[in-house]
Amino acid sequence: MQRRHVLYSALALGLSALGFTTAAWAQVPLRVMTHSSFDLPKELLARFEQEAGTRLQIVKGGDAGEMLNKLILTRSRPVADVVYGIDNTLLPRALGARVLETYEGPAARRPAQVDMAGALVPVDYGYVTLNIDKAWFEQRQLALPTTLQDLTQPAYRRLLVVQNPATSSPGQAFMLATIAGLGEEAAFDWWARMRANGVKVVKGWSEAYYTEFTRNGGTRPIVVSYATSPAAEVFYSEKKISEPPTANLFLKGGVYRQVEGVGLVRGGNPAAREAAGRFIEFMRSPEVQRALQTSMWMYPVEPGVARDPVMQHAAEPTEFVSLTPEQLAQAAQWQQRWTRVVLK
């Protein structure tokens, strides 16, 4: 506890040196829009409120895609002052809609493990990939697929659940992975064959993982999730286990690196702007960067932050794809084509 207090005191002193003071916004709430997976220890959030002299209003906007939709729909009267959870797949759309303002504080200038172009400061990163229920496959003695093409075969009919890329950031990331890995025409041909082979589409990650995945009582033993999900299974297991019951499938065209950021909402309350800057710095503080590993199950971007021991079950893939901002500008068109191919 003493070390934690010292760290927060250092953070507070550093921010004060930059000209941040608490008096100006002591009674002004800071509205923070996040995706539904935002989860940091209450103690950390309480410490931030105490040090910043503000009161947090966490506004959960659903999946990241839904969250961005809400920011766009409310841009004439913003419902938040700062936003966390827009990722590199959604950033071009956010920039095009002009819902963000550039932050130029220390966190924006400090090196990070991964970069994020545009108005957002990177906070964490992860890999969208396929997860499988190991027991389901072992009990049926069904070989694991080794390529995306395998999933189009009759043996894997109605085994995969994915998220809609129009409403889900992992859903969009997986769609983009198939395009980057297979090529546009081959990817949409694959999606057409997956439709014929019974792929299930749901709105967001939570529904896919906690409702449809066989590990949680559903009927689909393959789910689009994250490379850290097996580590989370170990961490949250009621019984102490040394190996996760799920595993990652790092298939070519099926792994996408996702980077999440935090930034200022254009048109947010001017009286809360300094507190918003403090929140951005807070999200890059060592304590938050350690905590998010086992609360939001992402990898930290701050150099030098140690990995939690459970992250040994979250090995990073050696091969993955990411797209350039210019390529991502086509995401809306690809979403429309995906909808026509898969849903209509």
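Look above for the structure.
About the thresholds
- Residues numbered from 1 in each chain as written.
- Predicted model: local features only at pLDDT ≥ 70, side-chain atom pairs only at ≥ 80, totals over all residues.
- Heavy atoms only, no water.
- Helix = DSSP H or I, 4+ residues; strand = E, 2+ residues; numbered from the N terminus.
- Rg over C-alpha atoms; globule rule 2.2 N^0.38 Å.
- Buried < 20%, exposed > 50% of the residue type's maximum accessible area, 1.4 Å probe, protein only.
- Salt bridge = Lys/Arg side-chain N within 4 Å of Asp/Glu carboxyl O.
- Arc of directions from axis to C-beta.
- Phe/Tyr/Trp six-rings, centres within 6.5 Å; stacked < 30°, edge-to-face > 60°.
- Axes fitted to C-alpha atoms, helices over the stretch in contact; angles between N-to-C directions.
- Parallel < 35°, antiparallel > 145°, perpendicular 65-115°, else oblique.
- Left-handed = near helix turned anticlockwise from the far one by under 90°.
- Contact = heavy atoms within 4.5 Å.
- Nonpolar A, V, L, I, M, F, W, Y, C, P; charged D, E, K, R; others polar.

### A word on the overall build of the chain
Logical step 1: In terms of helices and strands, the chain carries 14 helices and 11 strands.
Logical step 2: Expected size for 344 residues packed as a compact globule is a radius of gyration near 20 Å; at 21 Å, the chain falls within 12% of this value.
Logical step 3: Expressed along its principal axes, the backbone C-alpha trace of the chain runs to roughly 65 × 45 × 30 Å.
Logical step 4: Out of the 344 residues in the chain, the part that is buried amounts to 55%.

### A closer look at the pattern of salt bridges
Opposite charge on two side chains permits pairing when their charged atoms draw close.
Logical step 1: As enumerated under the stated definition, the model contains 12 salt bridges in all.
Logical step 2: A salt bridge links E302 to R110; its shortest N-O distance comes to 2.8 Å. Here the residue E302 occupies a position in the loop between strand 11 (299–300) and helix 13 (325–328), and R110 occupies one in the loop between helix 5 (106–109) and strand 5 (121–133), the gap between them amounting to 192 residues.
Logical step 3: E302 sits in the buried class, given a relative accessible area of 11%.

### Examining helix 9 (residues 205–212)
Logical step 1: Along helix 9, the residues that are buried comprise W205, A208, Y209 and E212. With its buried residues spanning 120° around the axis, helix 9 presents them on a single face.

### Concerning the packing of aromatic side chains
Logical step 1: Overall, the coordinates contain 21 aromatic pairs when judged by the stated rule.
Logical step 2: Ring geometry for F235 against Y236: centres 5.1 Å apart, planes inclined by 90°, an arrangement best described as edge-to-face.
Logical step 3: A relative accessible area of 39% places F235 in the partly exposed class.
Logical step 4: Of the aromatic side chains, those joined through ring pairs into one cluster are W205, Y209, Y210, F213 and Y226.

### Points about the packing of helix 2 (residues 42–52) against helix 11 (residues 273–283)
Logical step 1: Relative to each other, helix 2 and helix 11 sit at 140°, their axes nearing to 11 Å. Here helix 2 is positioned oblique relative to helix 11, judged by the angle of their axes. Helix-helix and strand crossings are classified by hand; for helix 2 and helix 11 the assignment is right-handed. Between helix 2 and helix 11, the residues in contact are L44, L45, F48, E51 and A52 and A275, R278, F279 and F282, respectively.
Logical step 2: Grouping the amino acids of the contact of helix 2 with helix 11 by side-chain chemistry returns 7 nonpolar, no polar and 2 charged.

### Some thoughts on the side chain of S169
Logical step 1: When you line up the elements, S169 lands in helix 7 (residues 169–182).
Logical step 2: Relative accessible area serves as the criterion here: at 4%, S169 is assigned to the buried category.
Logical step 3: Among all residues touching S169, those that are not within four sequence positions of it are D63, A64, G65, D87, T89, L90, Y226 and Q258.

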